[in-house]
Amino acid sequence: MRDPRFDRLAEILTGYSTELKRNEKVLIEAFDAPDEITIALIRAARKQGATPFVQLQSAPVSRELAVHATEPQLRLLARHELARMKQMDAYIAVRGSHNISDQADVPTERVKLLAKKMPPIQDQRVQKTKWEVVRLRTPAMAQLASMRTEPAESSLF
């Protein structure tokens with residue numbers, strides 16, 4: 001069953017927050033988010049006349065890559081991500097979480113190496129595109145806030 005709150009959130013993100021226009025390209029990144037919100041964002045972007053592109057992210061997969069990431073690998077990844085971001089007019093990230101500690105054991109030197117490669121991509125997103133980042137209320141987030149799941153998820157915003 002579709003959750004109408006996802007449709008409403010997608011309308012806000014594409015219509016108000018990023019004000020997508022006809023023929024604009026939007027990168028939608030969904031981090032451990034329900035497919036339902038990603039689909040709602042695709043539909044809402046199309047309704048605005050924009051062209052959606054989607055990147056699905058998974059914390060356990062990202063963790064596995066990060067634990068053994070090499071400098072050449074990250075350099076290539078950063079070039080690829082920056083080239084893609086330069087083609088976009090807007091960026092919408094929806095962040096969920098199944099386990100807030102999924103990446104807690106990534107060695108500090110790997111985290112620093114990853115962080116060193118990201119600034120050009122983040123600068124492009126923030127300074128040259130319209131953007132919005134939203135954190136969904138998930139059971140993991142409720143647990144972090146010492147809340148029961150139902151009250152935490154009762155409203156998306």
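The structure reproduced in this document is the subject of the present report. (Residues numbered from 1 in each chain as written. Predicted model: local features only at pLDDT ≥ 70, side-chain atom pairs only at ≥ 80, totals over all residues. Heavy atoms only, no water.)

At a minimum axis separation of 5 Å, helix α5 (residues 108-117) and helix α6 (residues 119-128) run at an interaxial angle of 45 degrees. Taken together, the axes of α5 and α6 lie oblique to each other. Taking contact as the criterion, the partners of Ala 115, Lys 116 and Lys 117 in α5 are, on α6, Pro 119, Pro 120 and Ile 121. Split into classes, the residues belonging to the contact of α5 with α6 amount to four nonpolar, no polar and two charged. (Axes fitted to C-alpha atoms, helices over the stretch in contact; angles between N-to-C directions. Helix = DSSP H or I, 4+ residues; strand = E, 2+ residues; numbered from the N terminus. Parallel < 35°, antiparallel > 145°, perpendicular 65-115°, else oblique. Contact = heavy atoms within 4.5 Å. Nonpolar A, V, L, I, M, F, W, Y, C, P; charged D, E, K, R; others polar.)

On to unusual backbone geometry, then. For Glu 19, which is not glycine, the phi torsion reads 45 degrees and is therefore positive. Positionally, Glu 19 belongs in the loop between α1 (4-17) and β1 (25-31). Judged by relative accessible area, Glu 19 falls into the partly exposed class, the value being 44%. Of note, the phi angle at Asn 23 is positive, near 70 degrees, even though the residue is not glycine. The topology assignment puts Asn 23 in the loop between α1 and β1. Exposure remark for Asn 23: the relative accessible area of 60% places this residue in the exposed category. (Buried < 20%, exposed > 50% of the residue type's maximum accessible area, 1.4 Å probe, protein only.)

Taken together, the side chains of Val 126, Trp 131 and Val 133 present a nonpolar region at the surface, about 250 Å² in accessible area. Along the chain, the position of Val 126 falls in helix α6. (Patch = residues over 30% accessible without salt bridge, like charges linked within 9 Å, V, L, I, M, F, W, Y side chains within 5 Å. Areas by Shrake-Rupley, 256 points an atom, 1.4 Å probe, with all protein chains shown as cover. Salt bridge = Lys/Arg side-chain N within 4 Å of Asp/Glu carboxyl O.)

Next up on the list: the pairing of strand β2 (residues 51-57). Bridging between β1 and β2 involves seven bridges; their strand directions are parallel. The partner of Leu 27 across the bridge, within β2, is Phe 53. Taken together, β1, helix α2 (residues 35-47) and β2 constitute a β-α-β crossover, and its handedness is right-handed. (Pairing = 2+ DSSP bridges. Right-handed = clockwise from strand over helix to strand, strands pointing away.)

Below, the discussion takes up the layout of surface pockets. The computed volume of the largest pocket comes to approximately 1200 Å³. Around the largest pocket, the lining is made up of 39 residues, and of these Phe 31, Gln 57, Ser 62, Arg 95 and Gln 103 lie nearest the centre. Elements represented by at least two residues in the lining of the largest pocket include exactly β1, β2, α3 (59-67), α4 (71-86), β3 (90-95), α5, α6 and β4 (130-135). Of the residues forming the lining of the largest pocket, the biggest block, six residues, is contributed by α4. Across the lining of the largest pocket, the residue classes break down as 20 nonpolar, 10 polar and nine charged. (1 Å grid on protein atoms, 1.4 Å probe; cavity = no way out; pocket = protein on both sides within 12 Å on 5 of 7 lines; lining within 4 Å. Points joined across faces, edges and corners; volume = space filled by probe spheres on them.)

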